[in-house]
Amino acid sequence: MSVLDRWREFRRSQRAALEASYHSHVEESTPVPADLLTDVLPGLRQQLEAEEGGGRDSDVPGNGAVLEGAGPSGDDLPSPNQRYGRAGRPLNRQSPFYMGFVGAIGVLTALLLWHTLGRLTTVLTILVISFFLTLTLNPVVETLTRRGVKRGGAVALVFAGLVLVFALLGVVVVPPVITQGGQLVQQAPDWLDQILKSRWVQDLDKHYDLVDKIRSEFNKKITDSGFLSSVFGGVLGVGAAVVTGIFQAFTVLVLTLFLLASLPRVKHAAYAVVPASRRARVMSLSEEIMRRTGSYAIGQIAVATVNAACSWIMMTIVGIPYAAVLAVSVGFLGLVPMVGATLGASVVCLVAVFDEPRKMFIALAYYVIYQQIENYVVAPRIMQRTVSVPGAVTVVAALAGGTLLGVLGALLAIPVAAGLLLLYEEVLLPRQRRH
């Protein structure tokens, strides 16, 4: 049968269903016990008619009698088992109005869900970050529980250690930033005078009257109320963003603490939704995915920490300024897969070249050698029990995650890819082999 014949057959069946739905819907009435008795015992029918006065006037709903010979008018009256009237004909599901109405309701529901998810983007992001941090810290908590520490105490110890690490980072980073920022503010006028007295600025001022134009433009902007309001509005916006970021970071920490303390109950509640016939397999696959995710995060933090420590030692020996701040920057950038270590090395070399070009070449040579050691010695030893993702999948996952969610997406890309690979190997391939 050709495609055209199939389409004609489909249209013919649709028209038949549409015509059938327009016919009156008549239900066969089920005889009540009184009808059955009168069919078996004819004398009982006469007795019932005598008690009713033999009149058709008393044929009202609910009197237990069966209407005989009522004709068309008798069909309109409800029988004893249809006290509230006869059922009408069903809705025509092939009707264009019905299909259009139901389709419009579905589209509106989808738009409502999409709009709701759009408004919950920040909440979902906080939840994802908290869950990722929970999976990162959970292996440490389970190690402590296996050694006899109760889960509440283990969570408290791990969380206290996390707060201590951030406090140490604040002690290391904040004072140099404040000191160096003050030095920058103090040296800014001298740098401005040096720039204005430089030869090329003097030549530009001689030919184009550059300094006077800059001064007049600056005075005009200072006296412009619109410019001042926009500047102060931008400053207030930055301040609001900083306050919002601090509040969100605090929310992430608190939510991570609660999730870490109640993770076994959360997993049990999630597994209870799965059908019992598939629960064991879902539990084993989920536990392996969460183990890989936590192990990957811990391994990546360890690799970035080693990179930051070695960079600080190198910068201290070579004499590159701002060694502590740059080391912390290298550590945080090292958390980004693939390109993080290269970005950290670029920042260090950029600062070194402004201080002294010779230091830049030394730092560049150091990072070229260190990258080889990290790729072939440090990372394989640390990552040997974590995830195993092919290089091409790693590149694609990191690019896709970075495009969708920025730095957060790049951090989550590789463990997500590892989980998908596990499902591919353990679920999809065996099912394809069976078919």
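A brief structural summary. Remember, it's a predicted structure, so these values are computed and weren't measured experimentally. (Residues numbered from 1 in each chain as written. Predicted model: local features only at pLDDT ≥ 70, side-chain atom pairs only at ≥ 80, totals over all residues. Heavy atoms only, no water.)

Turning to the packing of helix 13 (residues 323-333) against helix 14 (residues 340-355), a few remarks are in order. Put simply, helix 13 and helix 14 touch, their axes get as near as 7 Å, and they point 160° apart. Here helix 13 is positioned roughly antiparallel relative to helix 14, judged by the angle of their axes. Crossing of helix 13 over helix 14 shows right-handed handedness. Seen from helix 13, the contacting residues are Leu326, Val330 and Leu333; seen from helix 14, they are Gly340, Ala341, Leu343, Gly344, Val347, Val348 and Val351. Partitioning the contact of helix 13 with helix 14 into residue classes produces eight nonpolar, two polar and no charged. (Axes fitted to C-alpha atoms, helices over the stretch in contact; angles between N-to-C directions. Helix = DSSP H or I, 4+ residues; strand = E, 2+ residues; numbered from the N terminus. Parallel < 35°, antiparallel > 145°, perpendicular 65-115°, else oblique. Left-handed = near helix turned anticlockwise from the far one by under 90°. Contact = heavy atoms within 4.5 Å. Nonpolar A, V, L, I, M, F, W, Y, C, P; charged D, E, K, R; others polar.)

Looking now at the pattern of salt bridges. If you walk through the whole model with that rule in mind, you get five salt bridges. Close ionic contact of arginine 12 with glutamate 9 constitutes a salt bridge, the shortest N to O distance being 2.5 Å. On the criterion of helical spacing, the pair formed by arginine 12 and glutamate 9 is a turn pair, its members being three residues apart in helix 1 (residues 3-22). We note a salt bridge from arginine 358 to glutamate 356, for which the minimum N-O separation is 3.1 Å. (Salt bridge = Lys/Arg side-chain N within 4 Å of Asp/Glu carboxyl O.)

The next thing to look at is the packing of helix 6 (residues 121-146) against helix 12 (residues 276-318). Running from amino to carboxyl end, helix 6 crosses helix 12 at an angle of 85°, the nearest separation of the two axes being 8 Å. As summarised for this structure, helix 6 and helix 12 are arranged roughly perpendicular, according to the angle between their axes. Across from Phe131, Phe132, Leu135, Thr136, Pro139 and Val140 in helix 6, the residues of helix 12 making contact are Met290, Thr293, Gly294, Ala297, Ile298 and Ile301. Per-class residue counts for the contact of helix 6 with helix 12 are nine nonpolar, three polar and no charged.

As a further point, take the side chain of lysine 359. Inspection of the secondary structure assignment puts lysine 359 in helix 15 (residues 357-382). In this structure lysine 359 touches Val318, Gly319, Ile320 and Ala352, once residues within four positions along its chain are discounted.

Another aspect to go through is the packing of aromatic side chains. All chains considered together, the criterion is met by two aromatic pairs. Look at tyrosine 366 and tyrosine 370: their rings are 5.9 Å apart centre to centre, the planes differ by 20°, and that puts the pair in the stacked class. A residue pair is termed a helical-turn pair when its members lie 3 or 4 positions apart in one helix, as tyrosine 366 and tyrosine 370 do in helix 15 at four residues. The class of tyrosine 370 is buried, set by a relative accessible area of 6%. (Phe/Tyr/Trp six-rings, centres within 6.5 Å; stacked < 30°, edge-to-face > 60°. Buried < 20%, exposed > 50% of the residue type's maximum accessible area, 1.4 Å probe, protein only.)

No statement about biological role is implied by the geometric values presented.
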